[in-house]
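Descriptive analysis of the structure
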Amino acid sequence: MYVQPADLRLGNARRVLAALQRAWPCTRPELARRTGLSTMTVGKVAEQLLELGLLDEAPGEPVPGLGRPPRQLSPSARLRFVAIELGVHTSTVCRLGLAGEAVPPRRVSIAMPGSAAEFLASVGAARTALGPEPVEAVLISVPGVLDSGGPSIVYSPNLHWSEGSGLLRALGAAFGAPVCAVQEAQALALGHLAAGTAPEHFLMVDFGDGVGSSVVTSGKLLGGPLPLSGEIGHTPVPGNLRRCGCGAIGCIETLAGCAGLLASHREACGRDVTWADLQRSLAGGELPDWLLRTLDALAMVLAGALNLLGLREVVVVGAGAELSPRIVPQLRERLMAHSLLGRFGEIECRLAPARRQLGLLAAAVDRRLLPEPGRVAR
Ligand SMILES: [Zn+2]
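Residues numbered from 1 in each chain as written. Predicted model: local features only at pLDDT ≥ 70, side-chain atom pairs only at ≥ 80, totals over all residues. Heavy atoms only, no water.

Some words on the pattern of salt bridges
Put simply, the rule is: One side-chain nitrogen of Lys or Arg within 4 Å of one carboxyl oxygen of Asp or Glu is enough to make a salt bridge. To qualify as a helix, a DSSP run of H or I must reach at least 4 residues; to qualify as a strand, a run of E must reach at least 2; elements of each kind are numbered from the N terminus. Any residue under 20% of the maximum accessible area for its type is buried, any over 50% is exposed, and the rest in between are partly exposed; the area is computed with a 1.4 Å probe on protein chains only.
According to the stated counting rule, one finds 26 salt bridges in the structure shown. Of the charged contacts in the structure, one is a salt bridge between Glu-136 and Arg-80, with a shortest N-O distance of 3.1 Å. With a gap of 56 residues between them, Glu-136 in the loop between helix H4 (116–130) and strand E7 (137–142) and Arg-80 in the loop between strand E2 (71–75) and strand E3 (81–85) connect regions that are remote in the sequence. Note on Arg-80: relative accessible area 0%, which makes it buried. Between Asp-206 and Arg-356 there is a salt bridge, and its shortest N-O distance comes to 3.8 Å. With Asp-206 in strand E11 (residues 202–207) and Arg-356 in helix H13 (residues 356–369), this pair connects stretches of sequence that are 150 residues apart.

A word on the domain arrangement of the protein
This is how it is decided: Source of the domain bounds: an automatic or database domain assignment.
In terms of domains, the protein is made up of domain 1 (10–75), domain 2 (81–188 + 356–369) and domain 3 (199–351). For domain 1 versus domain 3, the distance between C-alpha centres works out to 41 Å.

What to know about unusual backbone geometry
In this model, Val-103 is joined to Pro-104 through a cis peptide bond whose omega is -5°. Considering the arrangement of structural elements, one finds Pro-104 in the loop between strand E5 (100–101) and strand E6 (107–111). Located in the positive-phi region is Ser-218, a residue other than glycine, with phi close to 50°. Residue position: Ser-218 is located in the loop between strand E12 (211–217) and strand E13 (220–221).

Observations concerning the packing of aromatic side chains
How we decide: Centre distance within 6.5 Å is the pairing criterion for rings of Phe, Tyr and Trp, where only the six-membered ring of Trp is used; planes under 30 degrees apart are then read as stacked, over 60 as edge-to-face, and the remainder as tilted.
Applying the stated criterion across every chain yields a total of 1 aromatic pair. Centroid distance Phe-119 to Trp-161: 5.9 Å. Interplanar angle 45°. Geometry classified as tilted. With Phe-119 in helix H4 and Trp-161 in the loop between strand E9 (152–155) and helix H5 (166–175), this pair connects stretches of sequence that are 42 residues apart.

What to know about helix H2 (residues 28–35)
Counted only if it meets this: The directions from the helix axis to the C-beta atoms form the arc being described. Note on definitions: a residue-residue contact is assigned when non-hydrogen atoms from the two residues lie within 4.5 Å. Contacts described as polar in this section are N or O atom pairs within 3.5 Å, which, within protein, must combine one atom able to donate a hydrogen with one able to accept it, while residues neighboring in sequence count only if both atoms come from side chains.
Within H2, the full set of buried residues consists of Arg-28, Leu-31, Ala-32 and Thr-35. With its buried residues spanning 105° around the axis, H2 presents them on a single face. Where H2 is buried, its residues touch helix H1 (10–22), helix H3 (39–51), strand E1 (55–59) and E2. Its side-chain oxygen 3.3 Å from the backbone nitrogen of Glu-30, Thr-27 forms the N-cap of H2. Just downstream of H2, Gly-36 is the residue with a positive phi angle, here 80°.

Section: the coordination of the zinc ion
Short version of the rule: For Na, K and Ca the donor cut-off is 3.2 Å; for every other metal, N, O and S atoms count as donors within 2.8 Å. Water does not enter the count, which can leave sites looking incomplete. The rule is simple: four donors are tetrahedral if all their angles sit between 85 and 135 degrees, four are square planar and six octahedral if opposite donors span more than 155 degrees and the others lie between 65 and 115, and anything that fits none of that is irregular.
At the metal site, the zinc ion is ligated by His-234 (ND1), Cys-244 (SG), Cys-246 (SG) and Cys-251 (SG), and these contacts range over 2.1 to 2.3 Å. Coordination at the zinc ion comes from 4 donor atoms whose angles at the metal span 104 to 122°, giving a geometry best classed as tetrahedral. Site description for the zinc ion: donor spacing in sequence, H-x9-C-x1-C-x4-C.

With respect to a nonpolar patch on the surface
Note the threshold: Patches here are clusters of residues that have more than 30% relative accessible area and form no salt bridge, with a 9 Å joining cutoff for like charges and a 5 Å cutoff for nonpolar side chains (Val, Leu, Ile, Met, Phe, Trp, Tyr). The protein chains shown are the only cover counted for residues, whose accessible areas, like all others here, come from Shrake-Rupley with a 1.4 Å probe.
Residues Leu-222, Leu-308 and Leu-309 make up a contiguous nonpolar surface patch of about 280 Å² in total accessible area. With respect to the element layout, Leu-222 can be found in the loop between E13 and helix H7 (253–256). A relative accessible area of 37% places Leu-222 in the partly exposed class.

As for the nonpolar core
Burial of nonpolar side chains together is a common tendency in soluble globular proteins. Filter applied, for reference: Here the nonpolar core consists of buried residues drawn from Ala, Val, Leu, Ile, Met, Phe, Trp, Tyr and Cys, with membership extended through side-chain atoms lying within 4.5 Å.
If you look at the biggest cluster of nonpolar residues, it comprises 37 residues, and the most contacted ones within it are Phe-207, Leu-331 and Leu-335. Breaking this core down by element, the ones donating at least two residues are E11, E12, H7, helix H9 (275–282), helix H10 (289–309), strand E14 (313–317) and helix H11 (327–338). Tallying contributions element by element places H10 first for this core, with 10 residues. Excluding residues within four positions of it along the chain, Phe-207 makes contact with Ala-256, Leu-261, Leu-295, Leu-298, Val-316, Val-317, Gly-318, Ala-319, Gly-320, Ala-321 and Ile-327. Core analysis: the next-biggest nonpolar cluster, separate from the first, contains 35 residues, Leu-55, Leu-73, Ala-187 and Leu-360 among them.

Comments concerning the sheet that holds E13
Convention followed: In this scheme, strands are said to pair when DSSP sees at least two bridges between them. Each axis is a line fitted through C-alpha atoms, taken for helices only over the stretch in contact, and angles between the N-to-C directions span 0 to 180 degrees.
An order of E13-E12-E11-E14-E15 is seen for the 5 strands of this open sheet, with the pairing classed as mixed. Where the open sheet ends on each side, the last strands, each with one partner, are E13 and strand E15 (348–351). Relative to E12, E11 runs antiparallel, the two sharing 6 bridges. Counterpart to Val-205 in the pairing with E12 is Ser-213. Along the sheet, H11 makes contact with E11, E14 and E15, crossing E15 at roughly 160°.

Below you can see the structure in the form of structure tokens.
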């Protein structure tokens, strides 16, 4: 836990750090241009962030005839975090600093077993590969319904054994550090915001193993009174009789999640294929009818969210969206067909890289490194 200088202007400090995390090294005058803050303010904030150990400083390259080179700032390279991205089939565990992953990466992939005990054993075995540096916090992206205050996994449709607070607590204990847990679709939205190219208002759609979403308005995550939010994948589609991991029948996720897409291909073509086979078979060609129907159903569900929230920008990430270059344009066309805005306006729907790690880092900065005064770091 840090003791923040009494006169630290939190908003400015977060702004300067975020601007540096986008690109570095960077001089103070350049940082002033990027953030819109005065050079004097940037200078003061930079000193405070250096004192807190959140920045590194080094001399720049000398330029002949221009005297002493300006000093360059970077986000601290110290690998202060362990990041765990929990996935339905594979999880990754890696060392992470404010400047991202170690170079070369210290990263371990874990094929998901069937119990928390087995997963914890695999994480324990991975510790040596992650290096000996002390861990300040364990950053975890979590599929399913997360109460980040506990933190506790309230309900996990595709990973029931992760439910409760026990797994998160044990992962923290494994590294002797507190846990900072973020719902995965929210981590994706935070990462998209942190990358600096996000629109101010958007619906983030994770079109991967499951179908998740999160909502950003005025540059911030929209939340409700319950920990549950963005669980759009569990909206039923009429006529869909597939049973979902959540216990219900007909959820869109059973059609549009990766396993659902493979199952639909099998039903249509009468044979099993791998994900790579499916991708190859779709490369460059027209989308098959079963996939067009799935995208239409997904667009109906998403259009409900756009109509309700008054959003026009949809950012899509995930393996499903990358299956063919025609998927996102097709999804946009069906969103135009099914949403009210499509009658008189335009809807943007674009593919983006999944930036979960960057989202986890953004959450760690807000909750642990530069928390609101008086707010308990968690
Ligand atoms: Zn469901």
